[in-house]
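# Examination of the molecular architecture
In case you want the letters, here they are:
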Amino acid sequence: MYDVVQSIAREAGEIALRHFGRSPEGFVESKGHLDLVTEADRAVEQFIVGELAAAFPADGIFGEEGSARSGTSGRTWVVDPIDGTFNFVRGGDQWAVSIGLFANDRPAYGVTYAPVRNDLLAGGGDQAATLNGIRLKALPPFAPGIGLVGVGFHPVIPISDRLRALNIIFSDVKVDIRASGAATISLFEVATGLTDGYIGSGISSWDVMAMVAILETIGVHCNIDWKATDLASKLQFICGTPGFLRALPRDLLQPL
Ligand code: LIP
């Protein structure tokens, strides 16, 4: 199963790359304020869904661009064909294919592939997290003097809520921020030790299912209550290394 999903993610990334750099006219549509979908998102999702359905016919599939198949196994593949569509449209490298397995009410396995960087992260459950086949290094302890947290706010999140979260980060936690515009990439930065954590508001299950499974194998905890979460709902959460989470004020662990 693991090799199959990794090769599906790589091939999906190659399909996305064939569309990368296209002119936005006739290629990009708006799903809402600052929320984009492209022909590439739909083509890549169609490919991934076809491959997963052929490889794992008993499993369900839930994708950002509308795919919804119920399975009989109790397992569901949660798919974001291009996480970071905005960056993809603008020509940046911060976007990735994300394929996560949700089983027993938990993120159980994940593969994310950032094609421009040619970086593939995989892991979850009893599978150790690897970057391009090499096991991830142990994460550094939290050092407040060089503390960094990623942030991601969906455009539907009220500005007052975003400012409140930023105020807590700057005034109480006293660390700096990074915003990649793609939850997968921000969580990738946590996994590789470039940041200590991530605060997401208005983020969807397909943006994070794969990375949360990977992060759990290296001791990074995310405060998402998956048992109480509808896969279609917008999530508010914090992920972080144990030292970073310990440094947070208690009220930040409440919904933002
Ligand atoms: C994106 C997320 C990002 C968030 C964007 C959007 P998409 O997902 O990864 O963190 O800030 O609003 O939801 O739409 O590129 O798959």
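Residues numbered from 1 in each chain as written. Predicted model: local features only at pLDDT ≥ 70, side-chain atom pairs only at ≥ 80, totals over all residues. Heavy atoms only, no water.

The next point concerns the sheet that holds strand β3 (residues 60-63). Strand order in the open sheet formed by 8 strands is β4-β3-β5-β6-β7-β8-β9-β10, with mixed pairing between adjacent strands. Two strands close off the open sheet at either side, each with one partner strand: β4 (68-69) and β10 (134-135). Along the sheet, helix α6 (residues 205-216) contacts β3, β5 (76-83), β6 (96-103), β7 (106-114), β8 (119-124) and β9 (127-131); its crossing angle with β7, the most-contacted strand, is approximately 105°. (Pairing = 2+ DSSP bridges. Helix = DSSP H or I, 4+ residues; strand = E, 2+ residues; numbered from the N terminus. Contact = heavy atoms within 4.5 Å. Axes fitted to C-alpha atoms, helices over the stretch in contact; angles between N-to-C directions.)

The tally for this structure, following the rule as stated, stands at 1 disulfide. Each sulfur of the disulfide joining Cys222 and Cys239 lies 2.2 Å from the other. Every disulfide takes its handedness from the sign of the S-S torsion; for Cys222 and Cys239 that torsion is 110°, giving right-handed. Of the two residues, Cys222 is situated in strand β14 (residues 221-222) and Cys239 in strand β15 (residues 234-240); the sequence distance between them amounts to 17 residues. (Disulfide = S-S within 2.5 Å.)

Our focus in this paragraph is the sheet that holds strand β12 (residues 176-178). Spatially, β12-β11-β13-β15-β14 is the arrangement adopted by the 5 strands of the open sheet, whose pairing is mixed. Sheet topology places β12 and β14 at the edges, where each strand pairs with a single neighbour. Relative to β15, β14 runs antiparallel, the two sharing 2 bridges. Each bridged residue has a counterpart across the sheet, and for Cys222 the counterpart in β15 is Cys239. Packing of helix α4 (residues 159-173) onto the sheet brings it into contact with β11 (148-153), β12 and β13 (197-204), and relative to β11 it is tilted by some 175°.

Position of Gly50 relative to the elements: it lies in helix α2 (residues 39-55). Among the residues examined, Gly50 registers a relative accessible area of 40% and is labelled partly exposed. Taking the C-alpha atoms as reference points, Gly50 and Thr184, 134 residues apart in sequence, are found 22 Å from one another. (Buried < 20%, exposed > 50% of the residue type's maximum accessible area, 1.4 Å probe, protein only.)

Turning to α6, a few remarks are in order. Between its first and last C-alpha, α6 extends 16 Å over 12 residues, near the 16 Å set by a 1.5 Å rise per residue. Counted residue by residue, α6 has 11 buried out of 12 residues, so it is predominantly covered. Here α6 has its buried residues at Ser205, Trp206, Asp207, Val208, Met209, Ala210, Met211, Val212, Ala213, Ile214 and Leu215. (Expected span 1.5 Å × (residues − 1).)

In this structure, Val5, Ile48, Leu52, Trp77, Phe88, Ile99 and Val111 are the most contacted members of the largest nonpolar core, which totals 29 residues. Among the elements of the structure, α1 (2-19), α2, β5, β6, β7 and β8 are those that each provide at least two residues to this core. The element best represented in this core is α2, accounting for 7 residues. Counting residues in hydrophobic clusters, the runner-up holds 28 residues, among them Trp206, Val208, Met211 and Leu231. (Core = buried A, V, L, I, M, F, W, Y, C linked by side-chain atoms within 4.5 Å.)

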